Amino acid sequence: MKRNTKAALGLLALLGLKAVLDHVIEAADQQIEQKKREELRKGSIDVEYRVIEEIKT
């Protein structure tokens, strides 16, 4: 195989790897954001519950 062909195939492989890694990073970022939203919602519910309990007493 010619040197240029090998170089081109290597470049394509690197670009494919970059695309896969970009996808994995994006998915991880989305999971982190979802977890943050869940934690904020949970914290909000906990605060509301404590406020209601304080009002009751």
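This text goes with the structure placed above it.
These remarks concern the structure in this document. Everything numeric here is computed off the predicted structure, so don't read it as measured data. (Residues numbered from 1 in each chain as written. Predicted model: local features only at pLDDT ≥ 70, side-chain atom pairs only at ≥ 80, totals over all residues. Heavy atoms only, no water.)

1. Digging into the overall build of the protein chain
Put simply, the rule is: Numbering of helices and strands runs from the N terminus; a helix is a DSSP stretch of H or I covering at least four residues, while a strand is a stretch of E covering at least two. Burial classes follow relative accessibility: with a 1.4 Å probe on protein chains only, a residue under 20% of its type's maximum area counts as buried, one over 50% as exposed, and anything between as partly exposed. Values of accessible area rely on a 1.4 Å probe in the Shrake-Rupley scheme; residue burial ignores everything except the protein chains shown. Charged-residue counts in this description rest on Lys and Arg as positive and Asp and Glu as negative, His and the chain ends being excluded. To locate a charge, the coordinates of NZ of Lys, CZ of Arg, CG of Asp or CD of Glu are taken.
From N to C terminus, the protein chain includes one helix and zero strands. Along the first, second and third principal axes, the C-alpha set of the protein chain runs to 85 × 5 × 5 Å. Expressed as a percentage of its 57 residues, the buried residues of the protein chain come to 0%. Counting only carbon and sulfur atoms, one obtains 64% of the accessible surface of the protein chain, whose full area is about 5500 Å². A gap of 15 Å separates the mean positions of the 11 positive and 10 negative side-chain charges of the protein chain.

2. A few points about the environment of Q31
In this structure, Q31 sits in helix α1 (residues 3-56). Here the alpha-carbon distance between Q31 and E54, two residues 23 residues apart in the chain, equals 34 Å.

3. Observations regarding a nonpolar patch on the surface
Note the following rule: Each patch is built from residues lacking any salt bridge and having more than 30% relative accessible area; the joining distance is 9 Å for like charges and 5 Å for nonpolar side chains (Val, Leu, Ile, Met, Phe, Trp, Tyr). Salt bridges, as used here, are contacts in which a Lys or Arg side-chain nitrogen is within 4 Å of a carboxyl oxygen on Asp or Glu.
A grouping of L9, L11, L12 and L15 is seen on the molecular surface, where their side chains present a nonpolar patch of about 410 Å² in accessible area. By the element assignment, L9 lies in helix α1. Given the relative accessible area of 46%, L9 is considered partly exposed.

4. What to know about the pattern of salt bridges
Tallying each qualifying case throughout the model produces three salt bridges. Note that E53 and K56 form a salt bridge whose closest N and O atoms lie 3.8 Å from each other. With a gap of three residues between them, E53 and K56 both fall in helix α1, about one helical turn apart. The exposed category is assigned to K56, whose relative accessible area is 62%.

5. Side note on the environment of A28
Of note, A28 is situated in helix α1. Take A28: its relative accessible area is 32%, and that puts it in the partly exposed class. Residues A28 and L12 lie 16 residues apart in sequence; the distance between their C-alpha atoms is 24 Å.

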